[in-house]
Amino acid sequence: MGQIGPAAKKAVPKLLEIISRGDYISEDVAEAVSCIGVDDLSLVPNLVHAHYDPRDEANAILADLIVGLGRDAIRMVIIEMSRNTDDWDKLRFAGRILRRLRAGKALAKALKSKHARIRFSAAFALGELRKRAIKAIPALIEALDDKSEKVRDRVFDTLEQLGPVAAEATPALITRLGDQDWRARSMARDALVKIGEAAVPLLTEALKHQDEDVRSESCSALGSIGESAKDAVSELIPLLSDLSNRVRASAAHALGDTRTDPAEAVKQLPEMLNSEDHETASSAARALGKLKVESAIPILVERMENWSEDTPEIDALGAMGEVALPAVQEMLQRPQRPYQMINLLAALGRNCLPILEDVVPIIFDEFLADDNYDGNEYASSLVRDLTPEIIPVVVEKTKDADERMRAGAVSTMACFHGEDAIGHDEIVRSLGEDKSALVRREVVNYLGYRNLDPDDLGLIVNALADEDYELSSAAQEILLNQGRRAEEIAPMIVDLIKQSDKKSGLDLSTILGFMGKSIIPLLLDLLKDENPHARAEAVRALSLIEEPSEDIVAPLLEAMSDSEAKVRSAAAQCLGNAGKAAKD
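This one's a predicted model, so the numbers in the text were calculated from it and none came from an experiment.

Trainee: Could you give me a rundown of the environment of Ala110, with the residues and numbers involved?
Mentor: Looking at where Ala110 falls in the secondary structure, it is placed in helix 7 (residues 104–110). Assessed through its relative accessible area of 5%, Ala110 is described here as buried. Taking C-alpha positions, Ala110 is 8.6 Å from Ala123, a pair spaced 13 residues apart along the chain. Leave out the neighbours within four places in its chain, and Ala110 touches Ile118, Arg119 and Ala122.

Trainee: Can you explain the packing of helix 21 (residues 325–332) against helix 22 (residues 338–348)? Please cite residues and give values.
Mentor: Between two packed helices, what matters for the description is the angle formed by their axes and the separation of those axes. In the contact formed by helix 21 and helix 22, the axes pass within 12 Å of each other and the chain directions differ by 155°. In terms of orientation, helix 21 and helix 22 fall into the roughly antiparallel class. Handedness of the helix 21/helix 22 crossing: left-handed. Touching Leu325, Val328, Met331 and Leu332 of helix 21 are Met341, Leu344, Leu345 and Leu348, all from helix 22.

Trainee: Give me the packing of helix 17 (residues 263–272) against helix 18 (residues 278–290): which residues, what numbers.
Mentor: Contact geometry of helix 17 with helix 18 gives a least axis separation of 8 Å together with a crossing angle of 135°. Taken as axis vectors, helix 17 and helix 18 run oblique relative to one another. You can see that helix 17 and helix 18 cross each other, and the crossing is left-handed. Residues Leu269, Pro270 and Met272 of helix 17 form the contact with helix 18, whose participating residues are Thr280, Ala281, Ala284, Ala287 and Leu288. Grouping the amino acids of the contact of helix 17 with helix 18 by side-chain chemistry returns 7 nonpolar, 1 polar and no charged.

Trainee: Kindly report on helix 17, identifying the contributing residues and their values.
Mentor: Of all the positions in helix 17, only Ala265, Gln268, Leu269, Pro270 and Met272 are classed as buried. Packed against the buried residues of helix 17 are helix 16 (245–257), helix 18 and helix 19 (297–306).

Conventions used here
Residues numbered from 1 in each chain as written. Predicted model: local features only at pLDDT ≥ 70, side-chain atom pairs only at ≥ 80, totals over all residues. Heavy atoms only, no water. Helix = DSSP H or I, 4+ residues; strand = E, 2+ residues; numbered from the N terminus. Buried < 20%, exposed > 50% of the residue type's maximum accessible area, 1.4 Å probe, protein only. Contact = heavy atoms within 4.5 Å. Axes fitted to C-alpha atoms, helices over the stretch in contact; angles between N-to-C directions. Parallel < 35°, antiparallel > 145°, perpendicular 65-115°, else oblique. Left-handed = near helix turned anticlockwise from the far one by under 90°. Nonpolar A, V, L, I, M, F, W, Y, C, P; charged D, E, K, R; others polar.

Below is the structure:
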């Protein structure tokens, strides 16, 4: 129809109806409508209601069609927005159209409409106008008191979107910092932060407000504005002694974010570390770190070592950077909680390079600990930060006499990828027969993360028979995920089954069973083996294969006459399972 062009205009309403259903061909249909063309204002309602997904390309085409109708379409769009609908995404779509029509005056007027839907779309559209919305700021300020919560939220978002353009709204937003609704306080603060430096003078005045919510939120806003709010520092310092814990914590936080170091603040912040209020002490610690107050390092270290959980002192020492390294190096010589230590080192990141030799064993210990997922994440993050400098150190540790050093090195090498990992696979494979079960286990885990080649598969299959239970379990888990390579793996496992016995404790039949139908001929052949344990394992594997073929029935019936009771029992169970599956 699009190729027919204007002659197909009668089809436009029907095509728009198709788009409104959200059909997967909506974009193609919209293209057809665009080719046909729309020059009738009466179709604006159809175009607005054809919208169904604000992210869909079809909507961009529909918006272009409405904009092409010119400014006369503004009134039609606004009328359509006033109709009864709860589809707020549709109203956002209408707002985008009005923004593209640059309908600034009409939008300011629409903010006073009796219809909440129109007020919402108008506020949305004004946010998209940026600088061109400056004349509508008074109307937006008035709309902060709108009776509709959705409209009020949208107005806050719009003022935040406009940023410095909305500086005129600063007094009204500061008033909302004392709102009973925490959401309103938060949105007002976010908008003030985006207004930025222009809001600093009035925010500084608000630090003296009698309402603690206003004082606290003003501190937070100034801190988020950052160094541009440095003129407020002299007024923030007295609030470190405020009667309100919240205000003291917010003031400390703000002083850290403004990156200033007035002597009075440096004096008071360490004293605040002893506050009984955790938030106050935490904010003081983080501020000391951001301000890099070296004299506070011993206090921060002592506090960190006395707490059992995550502490703000870790963030503070991490923010100190290299100046904290001497103290950290001393800590490494004393017994520490592993999780705290790796957390601190991760916070320091590349600042750890001067003490790399001391840091590497801590990373190894964390990777070898099985009970701390978060600690592993911190260790991985630290390795990424220290790459490439850490690579030769780790590779050298694969030759260490200490088994934990060798195992830790292998575990850490799994973090390297691409060019950083060139040659590492061969180094790891060379440790596949290491005398230490711990090292062999890490080798298997390392290979499990890679695309296994035939030699790797052989190494992992052999690990199934290892005396170390954790190693054989790790090998089994890896092989269970290799079903797509059944033809390569199955013969190796069958050979292992023939050499094993019931006492070995290996669950090799489970691995074979998960490999699927393709290995049934191999299992039927194993069913004829002279080793009764092998025959029983073959039957168990057959019982685990989903939807087995009828070819297995006759061999299983024959196995019912086996001289070994365990083979007969397994065959009976397998036939029973097959019959139940067929019945289901």
